[in-house]
Amino acid sequence: QVQLVESGGGLVQAGGSLRLSCAASGPTFSKYAMGWFRQAPGKEREFVAVITSNGGRTYYVDSVKGRFTISRDNAKNTVYLQMNSMKPEDTAVYYCAADFLGSIRYYAPDSYQHWGQGTQVTVSS
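Because the structure is a prediction, the values reported are computed rather than measured.

Caption draft 1: Examining the pairing of strand E4 (residues 33-39) more closely. Within E4, six of the seven residues are buried, which leaves the element mostly enclosed by the surrounding structure. Looking at chain direction, E4 and strand E9 (residues 92-99) are connected through seven bridges and run antiparallel. In the strand pairing of E9, Gln39 is matched with Val93. For E4 and strand E5 (residues 46-51), the ladder comprises five bridges, and the chain directions are antiparallel. Bridge pairing in E5 links Phe37 to Phe47. Counted between consecutive antiparallel strands, the loop separating E4 from E5 contains six residues, among which Gly42 sits at a positive phi close to 75°.

As structure tokens, then:
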């Protein structure tokens, strides 16, 4: 069982930066692909980024490419999401998620077995 705890959310002005962290418990973190999703009020949960278990590959939703970077430190059981050049439309609750199976459907929430509680990110214009 993996438990995930996000941190680093907050209020930032448009054009600013935030770095989210997701700390995982358990000895098997390095076996999981890790994803970030977000959910704005009244909208469905949206895929943001994913990183493979060894960190060798990353994928992003088009709207964040070139602005967001996902990374992981398996020695620290932590995955990060660096968010730069932020926009008001990035406002959402951000969730990290863990996928033990390494699904090719990395963009689908139902591919992930474990979820954090979420952290609020608000970007003011």
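Caption draft 2: How the structure looks around the nonpolar core. Core analysis: the biggest nonpolar cluster contains 34 residues, and Met34, Trp36, Leu81, Met83 and Tyr94 have the highest contact counts within it. At the level of secondary structure, the elements contributing two or more residues to this core comprise strand E3 (18-24), E4, E5, strand E7 (68-73), strand E8 (78-83), E9 and strand E11 (119-124). Met83 has contacts with Gly16, Ser17, Leu18, Leu20, Arg67, Phe68, Tyr94 and Val121, leaving out every residue within four places of it along the chain.

Rules used throughout
- Residues numbered from 1 in each chain as written.
- Predicted model: local features only at pLDDT ≥ 70, side-chain atom pairs only at ≥ 80, totals over all residues.
- Heavy atoms only, no water.
- Buried < 20%, exposed > 50% of the residue type's maximum accessible area, 1.4 Å probe, protein only.
- Helix = DSSP H or I, 4+ residues; strand = E, 2+ residues; numbered from the N terminus.
- Pairing = 2+ DSSP bridges.
- Core = buried A, V, L, I, M, F, W, Y, C linked by side-chain atoms within 4.5 Å.
- Contact = heavy atoms within 4.5 Å.

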